[in-house]
Amino acid sequence: TSALTSLVADPEAPLALGWLLDSAQATRLLLQYARPPAEVEPPSFVDLIEAQRTQTPDAVALSFEGQAVTYAALGADSDRIAWAVRRALPEGGRVLVHLDEGPRYIAALLAAAKAGATWVCTTPGTPPRRLAQIADEARPSLVITETATVGELQAAHEHASMGWDQLPMVDIDNLPAVVQRPVDAAVHRGQPIYVVYTSGTTGRPKGIVQSRRSFD
């Protein structure tokens, strides 16, 4: 009716100018229904791994030096570590992960993400002075390590201004075999998920922060 009314009112007007809607309807359409769609956050990498854990628990999640780790095993290991991290850091924080490469290393990173923490990785065999520099710069609130590498952290203590002995330490070799599955921490996608440090060849190592949104 709006189109007919406009054409009757101005018979010489081109058909293309005949409005199908009156002004009120057009305004409502433009302002109410033409809004951009609400942004939907994509699932995080933790969500994707946990979904696979539920759907295909016996499928292989990781392969390392001939060792195959299923989604069920990876999830259980990360739960054990996340349980310990959440107990020590209920509000999250920076976590220094000092572990050898392998499935337990991946489980520790997954655990830190579940616990709402930001991980800072160092490699066993890192010179004590460099390890101390990274720790002094990152100021972690907790250390995830294993029995074999505890001595390296103690050696770095001599060069660090922060006190290693004052930090809670999660030794993944001494965790309960079974824990209650922790509730993932509430996080937002803008939070940092990890800090990686440069080689420091031109001076002190510099940290580069990666957010959860860009990582996922």
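Everything that follows concerns the structure shown earlier in this document.
Residues numbered from 1 in each chain as written. Predicted model: local features only at pLDDT ≥ 70, side-chain atom pairs only at ≥ 80, totals over all residues. Heavy atoms only, no water.

Novice: Whenever I open this one, the packing of aromatic side chains confuses me. Can you help?
Specialist: Here the distance between the centres and the angle between the planes together describe a pair of aromatic rings. For the structure shown, the criterion picks out 4 aromatic pairs. Arranged with centres 5.8 Å apart and planes meeting at 85 degrees, the rings of tryptophan 119 and phenylalanine 215 form a pair that is edge-to-face. Taken together, the positions of tryptophan 119 in strand E4 (residues 118-122) and phenylalanine 215 in helix H8 (residues 212-215) put the pair 96 residues apart, joining distant regions of the chain. The exposure class assigned to phenylalanine 215 is partly exposed, which follows from its relative accessible area of 32%. The structure contains a cluster of three or more aromatic residues connected by ring pairs, namely Phe45, Trp119, Tyr194 and Phe215. (Phe/Tyr/Trp six-rings, centres within 6.5 Å; stacked < 30°, edge-to-face > 60°. Helix = DSSP H or I, 4+ residues; strand = E, 2+ residues; numbered from the N terminus. Buried < 20%, exposed > 50% of the residue type's maximum accessible area, 1.4 Å probe, protein only.)

Novice: I'm lost on the sheet that holds strand E5 (residues 142-145) in this one. Help?
Specialist: Spatially, 6 strands are ordered E6-E5-E3-E4-E7-E8 in an open sheet, and the strand pairing comes out mixed. Edge strands, defined here as strands with exactly one partner in the open sheet, are strand E6 (169-171) and strand E8 (207-211). Pairwise comparison of adjacent strand axes, ignoring direction, gives a mean angle of 25 degrees for this sheet. In the sheet, E5 pairs with E6 via 3 bridges, with the strands oriented parallel. Each residue of the ladder has a partner; that of valine 143, found in E6, is methionine 169. (Pairing = 2+ DSSP bridges. Axes fitted to C-alpha atoms, helices over the stretch in contact; angles between N-to-C directions.)

Novice: Any chance you could explain the packing of helix H4 (residues 71-88) against helix H5 (residues 103-114) here in plain terms?
Specialist: A pair of packed helices is captured by two measures, namely the crossing angle of their axes and the spacing between those axes. Where H4 contacts H5, the axes come no closer than 8 Å and their chain directions differ by 50 degrees. Classified by the interaxial angle, the pair formed by H4 and H5 is oblique. Every pair of crossing elements has a handedness; the one defined by H4 and H5 is right-handed. Side by side, H4 and H5 meet where Leu74, Gly75, Asp77, Ser78, Asp79, Ile81, Ala82 and Arg86 of the first sit next to Pro103, Arg104, Ile106, Ala107, Ala108, Leu110, Ala111 and Lys114 of the second. Class assignment of the residues belonging to the contact of H4 with H5 gives a composition of 9 nonpolar, 2 polar and 5 charged. (Parallel < 35°, antiparallel > 145°, perpendicular 65-115°, else oblique. Left-handed = near helix turned anticlockwise from the far one by under 90°. Contact = heavy atoms within 4.5 Å. Nonpolar A, V, L, I, M, F, W, Y, C, P; charged D, E, K, R; others polar.)

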